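# Descriptive structure summary
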Amino acid sequence: MLRSAWSVRRVVSAGQVGCTRSLHSKSAPFPNKLAFAFDIDGVLKQGHHNVLPQAKRVLKLLSGEDGRLPKPIPFLLITNGGGVPDEERRAALSSELGIKLTENQLVQSHTPIKEYVEKYQDKPVLVLGGKGESCRRVAESYGLKHSYIPQDIVAWKPSIWDRTELTEEERGFARPQDFSQIPFSAALMLHDSHDWGRDITLILDLMSSHRGIFGTRREGHDRADVKGDVELVFSNADVEWRSDWPIPRLGQGAFRLSLESVYKSTTGLDLPYKQFGKPFKATYDFSELMLRRYLREVGRDPEGALNVYMVGDNPLSDIDGANRHGWSSILVRTGVFHDTHGEVPSHKATIIADDVEKGVEWAIQEEMRKGSL
Ligand SMILES: [Mg+2]
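Because the structure is a prediction, the values reported are computed rather than measured.

### Looking at a nonpolar patch on the surface
Together, V239, L250 and L257 make up a nonpolar patch on the protein surface, roughly 260 Å² of accessible area in all. Counting through the fold element by element, V239 comes out in the loop between β9 (231–234) and β10 (240–241). Note on V239: relative accessible area 38%, which makes it partly exposed.

### Here we look at the packing of aromatic side chains
Scanning the model with the defined rule gives 13 aromatic pairs in all. Ring geometry for W196 and F255: centres 5.5 Å apart, planes at 85°, overall edge-to-face. Linking W196 in helix α8 (residues 196–207) with F255 in helix α9 (residues 252–267), this pair joins segments that are 59 residues apart in sequence. Residue class for W196 comes out partly exposed when judged on its relative accessible area of 27%.

### A closer look at the sheet that holds β9
Taken together, 5 strands build an open sheet; the order of strands is β7-β6-β8-β9-β12 and the sheet is parallel. Looking at which strands have only one partner, the edges of the open sheet turn out to be β7 (147–148) and β12 (274–275). Both strand β6 (residues 125–128) and strand β8 (residues 186–189) contribute to a ladder of 4 bridges, which runs parallel. Among the inter-strand pairings, L128 is bridged to a residue of β8, identified as M189. On the sheet, α9 packs against β8, β9 and β12 and is oriented at approximately 150° with respect to β9.

### Examining the nonpolar core
F36, F38, L44 and L77 are the most contacted members of the largest nonpolar core, which has 35 residues in total. Elements supplying a minimum of two residues to this core: β1 (34–38), α2 (53–63), β4 (75–78), α3 (86–97), β13 (307–312), β14 (328–332), β15 (351–353) and α12 (356–370). At 6 residues, the largest contribution of residues to this core is made by α12. Among the nonpolar cores identified, the runner-up in size contains 28 residues, and A187, M189, L206 and F214 belong to it.

### Overview of the coordination of the magnesium ion
Around the magnesium ion, the donor atoms from the protein are D39 (OD), D41 (O) and D313 (OD), and they sit 2.0 to 2.2 Å away. All donor residues of the magnesium ion come from one chain, and their arrangement in sequence is D-x1-D-x271-D. Taken together, the positions of D39 in the loop between β1 and β2 (45–46) and D313 in the loop between β13 and α11 (315–324) put the pair 274 residues apart, joining distant regions of the chain. For D313, a relative accessible area of 5% corresponds to the buried category.

### Thoughts on helix α5 (residues 134–141)
Listed in full, the buried residues belonging to α5 are S134, C135, R136, V138 and A139. Of the surrounding secondary structure, the elements contacted by the buried residues of α5 are β6, β7, α6 (150–156) and α7 (168–173). G143 lies just past α5 and shows a positive phi near 85°.

### With respect to the domain arrangement of the chain
If you check the domain split of the chain, you get domain 1 (31–110 + 279–370) and domain 2 (113–275). Taking only C-alpha atoms into account, the centre of domain 1 sits 31 Å from that of domain 2. Listed by partner, the interface residues are 17 residues for domain 1 and 18 residues for domain 2. Summing both partners gives a buried area of about 1,500 Å² for domain 1 against domain 2, and 49% of it is carried by carbon and sulfur. Across the contact surface, domain 1 and domain 2 share 2 salt bridges. Across the pair E88 and R137 runs a salt bridge, and its minimum N-O distance is 2.5 Å. Sorting the residues of the side of domain 1 that touches domain 2 by element identifies α3 and α10 (281–297) as the ones contributing at least two each.

### Thoughts on the pattern of salt bridges
One pass over the structure, following the stated rule, counts 28 salt bridges. Ionic pairing is found between E115 and R293, a salt bridge with its closest N-O pair at 3.2 Å. Of this pair, E115 sits in helix α4 (residues 113–116) while R293 sits in helix α10; the two residues are 178 residues apart in sequence, bridging distant segments of the chain. Note on R293: relative accessible area 29%, which makes it partly exposed. Among the salt bridges present, the one from E231 reaches K119, with a minimum N-O distance of 3.5 Å. Highlighted residues: E231 in strand β9 and K119 in the loop between α4 and β6, separated in sequence by 112 residues.

Cut-offs applied
Residues numbered from 1 in each chain as written. Predicted model: local features only at pLDDT ≥ 70, side-chain atom pairs only at ≥ 80, totals over all residues. Heavy atoms only, no water. Patch = residues over 30% accessible without salt bridge, like charges linked within 9 Å, V, L, I, M, F, W, Y side chains within 5 Å. Areas by Shrake-Rupley, 256 points an atom, 1.4 Å probe, with all protein chains shown as cover. Salt bridge = Lys/Arg side-chain N within 4 Å of Asp/Glu carboxyl O. Helix = DSSP H or I, 4+ residues; strand = E, 2+ residues; numbered from the N terminus. Buried < 20%, exposed > 50% of the residue type's maximum accessible area, 1.4 Å probe, protein only. Phe/Tyr/Trp six-rings, centres within 6.5 Å; stacked < 30°, edge-to-face > 60°. Pairing = 2+ DSSP bridges. Contact = heavy atoms within 4.5 Å. Axes fitted to C-alpha atoms, helices over the stretch in contact; angles between N-to-C directions. Core = buried A, V, L, I, M, F, W, Y, C linked by side-chain atoms within 4.5 Å. Donors = N, O, S within 2.8 Å, 3.2 Å for Na, K, Ca; no water. Domains from an automatic or database assignment. Buried area = accessible area lost by both parts, 1.4 Å probe.

And the structure:
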């Protein structure tokens, strides 16, 4: 049995949850440096609609709404999910979780991309992934004025991908242009692809194109010393994800692996790309920036030292990223990770807890014990 698993059972076993009323006593120092980052799926929610009751209690506790803490403890949510504009997702989550999240408390897989792609605000970009034109709405909410989606390209020239036909709904929202005159600067994958063949084909076309124009091919497109004109960005590297189906499904990371393989076999080159999402540094750097913006928003010192605890269910993304970023990590048993048969996580967390509530209570007591003022 893992030492950490044993420890957490001992420290925050079900029998001790009752002691949460004394989470903070007047004699103990308040853990001013403490902050939390929560994954959503498998931590706060199970499946699309089921919010865990422990999650609601813990967010009320940290918000200071249940009166068990003398003042709130800052937190934010970091998810590899996306495909919906941040504001819409924040409103939906606020209503589901029963708290009001501010704009600095939610990081979706593509949220850090907003600042990264400011350079493309006035340039044509191809936006891929998601249902219908949802990711175009995400891109437009990030100020990208010339966002095109695969359906626009197919509506312009159906022969560019004739294996699937546009539906009537797609023909309704498609914005065909003369793409033989439009130079794309970037291909941004903001959510899982709904048509792998089409999307791999269009990305390959752009990566080997002359000046990012469909229907052209750059001289030396298969040479490592000749740089392409189109930047490729991915928002999420998860190879698998957990849907309502009992066996994990393929995610954006699996799409990228497939694309890399086809690119390698057709050009002999490694696919150049920029990756966002957990466990990558860009996402953790951005999340820490958001936490500091949140501190400023609530009138706290945004510059001071922070002891951040990441609560996640996926050792490969949540825990690996937290460990690499110097955060503490709490691995919960309510999502993809289970240790009922003595499984050892691929990335070791600071502690393993039965659920988010037990993990958070342990962290608060731990910080108070350490006296982190
Ligand atoms: Mg998760």
